[in-house]
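# Per-entry structural report
These are the residues of each chain, in order.
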Amino acid sequence: MDLIIATFIEDNIVPKFNYWIYVILMMIGLYAMITKNNLMKKLIGMGIFQTAIILFYVSIGVKDTAGIPIISHHGSEHHQGATVHSESGPSSEEVSPVKVKNNTIDKDKYANPLPHVLMLTAIVVGVSTLGLALAISQKIFKSFETLEEDEILNKLRPGSHD
Amino acid sequence: MTEHFPVLILLVPLFGALIVVLLGKERPNQCWMTSLISLGISSIISIFTVVAVLAGNKFQTIRYRMGGWPESNGYEVGIELRVDILAALVVFAVTFVGFVNTIYSKTRAEAEVQDKVSFFYALIQLLIVGLCGIVMTNDAFNLYVLIEITSLTSYALIAMGNRRAALSSFNYVIMGTIGASFYLLGVGYLYIKTGTLNIDDIRMVLGNNNLWEHQSIVVAFIFIMLGVWTKMAFFPLHGWLPNAYAYAPSMTGTFMAPLMTKVMVYVMIRVMVWLFGYEFVYSDQHVWGELVIWMSVIAIVAGSLLALARTDIKKMLTYLIVAEVGYMVGGAWLGNVTGQAGAFYHILSDAAMTFCLFIAASIIVLRVGDCRVNAFDNLFRKMPLTMIGFTVGALSMIGLPPTCGFFSKWYLISGGIEAGQWEYVCALIFSSLVNAVIFFRIFERAYFGQITEAKEDFVPSDSDANPETAIKEVPWSMLFPLFIASGSVLLVGIMNRTLFEWIQTALKMMNT
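Residues numbered from 1 in each chain as written. Chains lettered and ligands numbered in written order. Predicted model: local features only at pLDDT ≥ 70, side-chain atom pairs only at ≥ 80, totals over all residues.

### Some remarks on the overall build of chain B
The line we're drawing: Helix and strand assignments follow DSSP, with helices taken as H or I runs no shorter than four residues and strands as E runs no shorter than two, numbered in order from the N terminus. Computation of the radius of gyration draws on C-alpha atoms alone. For the globule rule, the value is 2.2 Å times the number of residues to the power 0.38. Buried, partly exposed and exposed are defined by the number of other C-beta atoms within 10 Å of a residue's own C-beta, namely 20 or more, between the two limits, and 12 or fewer respectively, with C-beta atoms placed from the backbone. Two residues qualify as a contact pair if the distance between their C-beta atoms, derived from the backbone, is within 7 Å.
Each helix and strand in chain B was counted, giving 21 helices and two strands. Rg of the C-alpha trace for chain B: 22 Å, near the compact-globule value of 24 Å for 512 residues, within the 12% margin. Relative to its 512 residues, chain B shows a buried fraction of 59%. Sequence separation of 24 or more characterises 79% of the internal contacts of chain B that already satisfy a separation of 6 or more.

### Side note on the overall build of chain A
Assigned secondary structure in chain A consists of five helices and two strands. Its helices and strands taken in sequence order, chain A reads α-α-α-β-β-α-α from the N to the C terminus. With 162 residues in all, chain A has 22% of them scored as buried. A separation threshold of at least 6 residues defines the contact pool for chain A, and within that pool the share at least 24 residues apart is 57%.

### Overview of the packing of helix α17 (residues 404-419) of chain B against helix α18 (residues 422-448) of chain B
Residues and elements named next belong to chain B. Definition in use: Here the axes come from fitting lines to C-alpha atoms, over the contacting stretch only for helices, and the angles between their N-to-C directions go from 0 to 180 degrees. Here the word oblique covers every angle except those under 35 degrees (roughly parallel), over 145 (roughly antiparallel) and from 65 to 115 (roughly perpendicular). Polar here means any residue outside two lists: the nonpolar Ala, Val, Leu, Ile, Met, Phe, Trp, Tyr, Cys and Pro, and the charged Asp, Glu, Lys and Arg; Gly therefore counts as polar.
Where α17 contacts α18, the axes come no closer than 8 Å and their chain directions differ by 155°. What the angle tells us is that α17 and α18 run roughly antiparallel. Contacts between α17 and α18 involve K409, L412, I413, G416 and I417 from the former and Y424, V425, L428 and S432 from the latter. Its residues assigned to classes, the contact of α17 with α18 shows six nonpolar, two polar and one charged.

### A short note on the confidence of the model for chain B
Residues and elements named next belong to chain B. Using the following cut-off: Confidence of the prediction at every residue is given by pLDDT, a number between 0 and 100.
On average, chain B scores 86 in pLDDT, and the residues at 70 or more come to 95%. Element-level pLDDT for chain B is lowest in helix α19 (residues 451-457), with a mean of 48, against a maximum mean of 92 in helix α5 (residues 140-159). Note on residues 452-469: pLDDT under 50 across the span, and seven contacts to partners over four residues away in sequence or across chains. Scoring the predicted complex yields pTM 0.88 and, for the interface, ipTM 0.85.

### A look at the packing of helix α8 (residues 215-232) of chain B against helix α10 (residues 250-276) of chain B
Residue and element names in this part refer to chain B. Test applied: Handedness of a helix crossing follows the sense of rotation of the near helix relative to the far helix, less than a right angle counterclockwise being left-handed and clockwise being right-handed.
Interhelical geometry of α8 versus α10 gives an angle of 165° and a closest axis separation of 8 Å. Overall, the two elements α8 and α10 adopt an arrangement that is roughly antiparallel. Two packed elements cross with a definite hand, and for α8 against α10 that hand is left-handed. Side by side, α8 and α10 meet where F221, I224, V228, K231 and M232 of the first sit next to T261, M264, V265, V267, M268, V271 and F276 of the second. Its residues placed into classes, the contact of α8 with α10 shows 10 nonpolar, one polar and one charged.

### Section: the interface of chain B and chain A
With 26 residues of chain B at the contact, the number on the chain A side is 29 residues. Breaking the side of chain B that touches chain A down by element, the ones donating at least two residues are α5 and α6 (163-194) of chain B. In terms of residue class, the side of chain B that touches chain A is made up of 16 nonpolar, seven polar and three charged.

### Comments concerning unusual backbone geometry
Peptide bonds are, in most cases, trans, and in most cases residues other than glycine have a negative phi. For E145 of chain A, which is not a glycine, the phi torsion comes out positive at approximately 60°. Checked against the element boundaries, E145 of chain A lands in the loop between α4 (114-144) and α5 (149-156). On the basis of neighbour counts, which here come to 10 C-beta atoms within 10 Å, the residue E145 of chain A falls in the exposed class. Phi angles above zero are rare outside glycine, and N210 of chain B is one such case at about 50°. With respect to the secondary-structure elements, N210 of chain B resides in the loop between α7 (199-208) and α8. Residue N210 of chain B is classed as exposed on the basis of its 8 C-beta neighbours within 10 Å.

### Re the nonpolar core
Residues and elements named next belong to chain B. Put simply, the rule is: As used throughout, a nonpolar core is a set of buried Ala, Val, Leu, Ile, Met, Phe, Trp, Tyr and Cys residues joined through C-beta atoms within 7 Å of each other.
Core analysis: the biggest nonpolar cluster contains 221 residues, and V90, V94, V135, V263 and C356 have the highest contact counts within it. Here the element with the most residues in this core is helix α14 (residues 337-368); it accounts for 19 residues. When residues no more than four places from it in sequence are discounted, the contact partners of C356 are G389, V392, G393, L482, A485, S486 and V489.

### Examining α7 of chain B
Residues and elements named next belong to chain B. To keep things clear, this is the line we draw: By arc we mean the arc of the directions from the helix axis to the C-beta atoms, nothing more.
Of all the positions in α7, only I199, D201, I202 and L206 are classed as buried. Viewed along the axis of α7, the buried residues span an arc of 160°, placing them on a single side of the element. Those residues of α7 that are buried lie in contact with α5, α6, α8 and α10. Just past α7, the residue N210 takes up positive phi, approximately 50°.

### Quick word on the domain arrangement of chain B
All names here are of chain B. We count it as follows: Either an automatic procedure or a domain database provided the assignment from which the domain bounds are taken.
Partitioning chain B into domains gives domain 1 (1-138), domain 2 (159-281) and domain 3 (287-512). With centres defined by C-alpha atoms, the gap from domain 1 to domain 2 works out at 21 Å. Mapped onto the side of domain 1 that touches domain 2, the elements with two or more residues apiece are α3 (85-112) and α4 (117-136). Looking at the side of domain 1 that touches domain 2 element by element, the count peaks at 10 residues for α3.

### As for the environment of T49 of chain B
Residue and element names in this part refer to chain B. Counting through the fold element by element, T49 comes out in helix α2 (residues 28-54). On the neighbour-count criterion, T49 (25 C-beta atoms within 10 Å) is buried. Measuring from C-alpha to C-alpha, the distance between T49 and I62 comes to 8.9 Å, with 13 residues separating the pair along the chain. Dropping the residues within four chain positions of it, T49 is found in contact with F5, I9, V83, A88 and V91.

### Regarding helix α3 (residues 39-60) of chain A
Here is the rule: In a helix, the anticipated span is given by 1.5 Å times the number of residues less one.
Taking 1.5 Å per residue, 22 residues should reach 32 Å; α3 of chain A reaches 32 Å between its end C-alpha atoms and fits that length. On its buried face, α3 of chain A is in contact with α2 (17-35), α4 and α5 of chain A together with α6 of chain B.

### Some thoughts on the confidence of the model for chain A
Keep in mind that low pLDDT regions are not for reading the predicted coordinates in detail. For chain A, the average pLDDT comes to 78, and 76% of its residues sit at 70 or higher. In this model residues 75-97 of chain A is a low-confidence stretch, pLDDT under 50, and it forms 41 contacts with partners more than four residues away in sequence or in other chains.

### A few points about the pairing of strand β2 (residues 80-83) of chain B
Residue and element names in this part refer to chain B. Our working definition: For two strands to count as paired, DSSP must find a minimum of two bridges between them.
Here β2 shows two buried faces, one formed by E80 and R82 and the other by L81 and V83. Relative to β2, strand β1 (residues 62-65) runs antiparallel, the two sharing four bridges. Among the inter-strand pairings, Y64 is bridged to a residue of β2, identified as L81.

### Brief notes about the environment of I19 of chain B
Structurally, I19 of chain B is set in helix α1 (residues 5-23). Taking the C-alpha atoms as reference points, I19 of chain B and T34 of chain B, separated by 15 residues in sequence, lie 7.7 Å from one another.

### Notes on the environment of N198 of chain B
All names here are of chain B. Assignment of secondary structure puts N198 in the loop between α6 and α7. N198 gets classed as buried once you count the C-beta atoms within 10 Å, which come to 24. Contacts of N198, omitting those with residues within four sequence positions, involve E76, E80, N138 and D139.

Right under this line is the structure:
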């Protein structure tokens, strides 16, 4: 039994721990968004939910032994047309910054920057969603004087008109 | 010049929104004029785009590389806009509805959002930029960003209404964020597997490496579908829609109800046909084909019955939208070109008829001062022109021949018969019958309304007798958009053959 658990952990959890963490965080966020009664707690859940996805994206850009994806230019003739899709790059001892030789980049020597760039946009989207949701909950608080969902629904119940 | 059309459609309302914000709330008329002009220009450009992509029945595709990034090793590096005939038609529908709705907003915006008029016009233009971007972009991540732009502007627009609108907008924020995040997750899985975000390139990499049956791809497809379904209010996920659209300011409701869900249906068809492809989605190895058809059957039946149970006309119409989304999802999943093209044609026809019905309902509610159907006694006599518009929309919803609703149902039903999905055909016919009950209930009230009942409630001086308080027609600035909308219901219906052939040809080009 212990062996089965140990092999399961070794095969499925250790090599994929970043996925497990994002799934757990996402479920915490989803749980808070669905079950919490307080609107502010729902928003906190939303923050956790979005952050989990951001972590997922950031973690997929990571490589072992990879450095910062900044291209250093030695010699001006190389600074055009450096391509990412190279088959074989020259083996360079330096880890960072990445050197450009013969118009190719050793793709194993630098972390994939694209997921990080995407997540910059997603963070901006998340911040603006949160800001907007906070403004809306402020408006709700001004007119209902509470942020508890059940109390708000109770105030709406007597008579269909407010 | 032609190759710059896609980006011009986006840029004109974007700068229009900036100008409107700069003009500020002290100049409501100039704000209105600016957004009218910018949306007018945008819809004229989209007409030219339709003509350009048709190119005399050659069906060419305009590709526009944002920032002019050249491709490298056969892969797109930058963000690409891609307009074919399908995208051009939807973009035209979006910009045209936006333009006509701006005419309608003239009087209502000043009455309903008072000191936020400039923000209203700015947001509605940004919303149109977002919707057109969703339709035209060829980049999966860019699609996510544009979906969020659209959603953010619509949360704000809905929250401009009363306190119930704020509450329903909050629920929409929660649901919408869940939906968009699921979509984003799906794109992440695709990116892990393919290393690219361009929709055509993803398809190419998937095909070249034969990744179709890989678990990640299947999971990515399910995540993306869940996200898109949440955004389009597919039945079990529809909770946010009815309140949000019913309590929003009327000129916001008239714009968002016809377009938001329809554009998301377009995204679904695009993801199914362009991103994953026919063989993957309708493959016999997946059980989901049959399952989704049944889900759409449930959506159609439940949406119709929920609509039947409402007495509030706006709520009723919002539940009808839920049923219509069921039509389109079912049609797209039938697995044949007829069904897909029918679902696509229904995007256009549903946009026209929902627009028509929502404008008419807003006018009626404004004049009667009551949302309940029981208050609609004798409306045909009191406001005949509005009721003509309403009747056209209602007949199209029921599905009577000269209107577009008939033809879209016809194509969807023929697709269903072709695929042998009889439960879907039955659900469509059932929904038609329920719609007939719903709308003839209103017609009966409005045509043969009991004057005695009206007297029971009230008053010695009947409202008809006193011209000061009588319910009368609204100004032409509101009737004119209604007539354009009902005219387009008829026009889309009359042009059904041409439109359907265009759609079918474009889909066949993709499917083979």
